[in-house]
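The chain contents come next:
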Amino acid sequence: MSNRLVTIFGASGQVGRAIVERLCHHGYRIRATSRHPNEALFLKPFGDPGQVQTTFADISREETVIKAIEGASIVINCVGILYESRGRQKFQALQAEGAAAIAKAAKKEGVRTLIHISAIGADQHSPSQYARTKWQGEKAVKAAFPKAVILRPSIIFGPNDSFFNLFAKMAKIPVFPIPVVGPKTRFQPVYVEDVAEAVIRAVMNSGKYQGNIYQLGGPEVYTFRELLDYMLEVIGVKKFIAPIPFPIAGFFGWWFQLWAKFLPITPPLTLDQVQLLKNDNVVPATAKGFEAFGIKPTSITSVVPGYLVRFRPRGRFT
Ligand SMILES: NC(=O)c1ccc[n+]([C@@H]2O[C@H](COP(=O)([O-])OP(=O)(O)OC[C@H]3O[C@@H](n4cnc5c(N)ncnc54)[C@H](OP(=O)(O)O)[C@@H]3O)[C@@H](O)[C@H]2O)c1
């Protein structure tokens, strides 16, 4: 086992767990942080006994960030939220100020490598607070830790994704059509394991990647509608897809967004997400991406059927 300690924020999330598994394989010691360390215990068997330690950190509380980074030589930030909820879970507090707190603490601790996960579409002028705070986070990270590696994925797919799994679940609800906002909006879905592999290569060869932003997309671009059609084909369900015009979606999104700030609910849609859906989510032609890491990205067709099979009417037997 290596002496190098890696602190990962958001280790229990979809991307974080894929990174933990790979880092374990390469022999790193891991401090996997989350607000609910008991719920992150499933990460421990990824490594040898004692290799993965789960611990508390809430990146909206600077003191917990500083404590989590003590003694680490590599720091990875995988924290992001899709909507604001009760308490401290706010875009500004996490994606802008939390990212800044991590970068400052990493600099102070003398950390060698900082990897920051942002998102395609991070933009200071976006009407979406998600995208604006992702941009502010990047800016703060670059200011505090200029050698940080910033990764901007498009929408991420994998067994624990919240895209294909969510819509497949909706497709199983009898009678109701599947609503789609922005059916022509384009995405470049990227496999979670490819994102994790890019992180590992950036960790193991940090000199080569430091100070750069990489935009990570899969091999194909699809419209939102095409992705839903594909999902329905995979699970073998016929369903009407109902396009919802932006103004109507915005109204409902505003309501759900408001309720989510007071009640413990997961809003099916927010106004902020409606704003995001107005723009394509694809890698710009001039951006640095997977080729810089020597990774050939995986297509949805080679992975998605494997984990959506449970949504097929008779599972594997159809
Ligand atoms: N998924 C996508 O399609 C996608 C696309 C583009 C960019 N990204 C970005 O990629 C990164 C990873 O995404 P993901 O899909 O892995 O997200 P995820 O599955 O939702 O995981 C988010 C992680 O953040 C942790 N977290 C939330 N609030 C926190 C807080 N206040 N303090 C500390 N940890 C907190 C969560 O753990 P606890 O709740 O237990 O604390 C969880 O481990 C994020 O930055 C996200 O914005 C994702």
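You'll find the structure just up there.
Residues numbered from 1 in each chain as written. Predicted model: local features only at pLDDT ≥ 70, side-chain atom pairs only at ≥ 80, totals over all residues. Heavy atoms only, no water.

J.: Just to check I follow, could you spell out the overall build of the protein for this structure?
T.: Along the backbone of the protein there are 11 helices and 13 strands. Computed over the C-alpha atoms, the radius of gyration of the protein is 19 Å, within 12% of the 20 Å expected from 2.2 N^0.38 for a compact globule of 318 residues. Burial analysis of the protein (318 residues in total) assigns 53% to the buried set. For the protein, the share of sequence-separated contacts (at least 6 apart) that also reach a separation of at least 24 residues comes to 78%. When the accessible surface of the protein is split by element, carbon and sulfur atoms take 56% of a total near 15,100 Å². Seen as two clouds, the 39 positive and the 23 negative side-chain charges of the protein have centres 1 Å apart. (Helix = DSSP H or I, 4+ residues; strand = E, 2+ residues; numbered from the N terminus. Rg over C-alpha atoms; globule rule 2.2 N^0.38 Å. Buried < 20%, exposed > 50% of the residue type's maximum accessible area, 1.4 Å probe, protein only. Contact = heavy atoms within 4.5 Å. Areas by Shrake-Rupley, 256 points an atom, 1.4 Å probe, with all protein chains shown as cover. Lys, Arg positive; Asp, Glu negative; His and termini not counted. Charge placed at Lys NZ, Arg CZ, Asp CG, Glu CD.)

J.: Would you explain helix α1 (residues 14–25) in this entry?
T.: For an α-helix, 3.6 residues make a turn, and residues three or four places apart therefore share a direction. With 12 residues, α1 extends 18 Å between its outermost C-alpha atoms, agreeing within 8% with the 16 Å of an ideal straight helix rising 1.5 Å per residue. Turning to α1, its buried residues number three or more, namely Gln14, Val15, Gly16, Ala18, Ile19, Val20, Leu23 and Cys24. Looking at the residues trailing α1, positive phi occurs at Gly27, about 90 degrees. (Expected span 1.5 Å × (residues − 1).)

J.: Where do I start with the sheet that holds strand β3 (residues 52–56) in this structure?
T.: Hydrogen bonds between backbone atoms are what pair the strands of a sheet, whose relative direction is either parallel or antiparallel. Sheet architecture is open: seven strands sit in the order β3-β2-β1-β4-β5-β6-β11, paired in parallel fashion. Pairing within the sheet leaves two strands with one partner each, and these edge strands are β3 and β11 (213–216). Taking the axes of each pair of neighbouring strands and ignoring which way they run, one obtains an average angle of 20 degrees across the sheet. As defined by bridge partners, strand β2 (residues 29–34) adjoins β3 across five bridges and the pair is classed as parallel. (Pairing = 2+ DSSP bridges. Axes fitted to C-alpha atoms, helices over the stretch in contact; angles between N-to-C directions.)

J.: Please clarify how empty space enclosed by the protein should be interpreted in this entry.
T.: By rolling a water-sized probe across the atoms, one finds the places where empty space is left. This structure, assessed with the given rule, holds one cavity of 30 Å³ or more. Within this model, the largest cavity holds a volume of roughly 40 Å³. Around the largest cavity, the lining residues are Ile59, Asn77, Val79, Leu94, Gln95, Ala99, His116, Thr133 and Lys134. Of all the secondary structure elements, the ones that give two or more residues to the lining of the largest cavity are α3 (91–109) and α4 (129–144). Here the lining of the largest cavity takes three residues from α3, the largest share from any one element. Per-class residue counts for the lining of the largest cavity are four nonpolar, four polar and one charged. (1 Å grid on protein atoms, 1.4 Å probe; cavity = no way out; pocket = protein on both sides within 12 Å on 5 of 7 lines; lining within 4 Å. Points joined across faces, edges and corners; volume = space filled by probe spheres on them. Nonpolar A, V, L, I, M, F, W, Y, C, P; charged D, E, K, R; others polar.)

J.: In this structure, what is going on with the packing of aromatic side chains? I would like to understand it.
T.: Centre distance and the angle of the planes are the two values used to describe a pair of aromatic rings. Per the stated rule, a full pass over the model turns up 16 aromatic pairs. Both rings, one in Phe163 and one in Phe224, keep their centres 5.6 Å apart while their planes meet at 40 degrees; by these two values the pair is tilted. Here Phe224 lies in helix α8 (residues 224–235) and Phe163 lies in the loop between β7 (156–157) and α5 (164–171), a separation of 61 residues in the sequence. Note on accessibility: Phe163 and Phe224 belong to one class, buried. Here Phe167 and Phe224 contribute two aromatic rings whose centre-to-centre distance is 5.6 Å and whose plane-to-plane angle is 80 degrees, an arrangement assigned as edge-to-face. Pair noted here: Phe167 is in helix α5 and Phe224 is in helix α8, with a separation of 57 residues, a long-range link. (Phe/Tyr/Trp six-rings, centres within 6.5 Å; stacked < 30°, edge-to-face > 60°.)

J.: Can you walk me through the site of the ligand in this structure?
T.: Not every one of the 25 residues close to the ligand is listed here, only the nearest: Ser12, Val15, Arg35, Lys134 and Ile156. Within the side chain of Gln89, one N or O atom sits 2.9 Å away from a nitrogen atom of the ligand. Between the ligand and Ile117, the relevant distance is 3.4 Å, taken from an oxygen atom to a main-chain nitrogen or oxygen of the residue. Against a free-state accessible area of 890 Å², the protein chains account for coverage of 83% of the ligand. Across the shell around the ligand, the residue classes tally to 12 nonpolar, 10 polar and three charged. (Near = heavy atom within 4 Å. Polar contact = N/O pair within 3.5 Å; in protein donor to acceptor, adjacent residues only side chain to side chain.)

J.: Explain the pairing of strand β5 (residues 113–117) to me, please; I cannot follow it from the model alone.
T.: On any regular strand, side chains alternate: one points to one face of the sheet, the next to the other face. Of all five residues in β5, five are buried; the element is thus mostly enclosed. Along β5, one buried face is formed by Thr113, Ile115 and Ile117 and the opposite face, lined by Leu114 and His116, is buried too. Where strand β4 (residues 74–77) and β5 come together, four bridges link them in parallel fashion. What sits directly across from Val75, in β5, is Leu114. Handedness of the crossover joining β4 and β5 through α3 is recorded here as right-handed. Pairing between β5 and strand β6 (residues 149–153): three bridges, direction parallel. What sits directly across from Ile117, in β6, is Leu151. (Right-handed = clockwise from strand over helix to strand, strands pointing away.)

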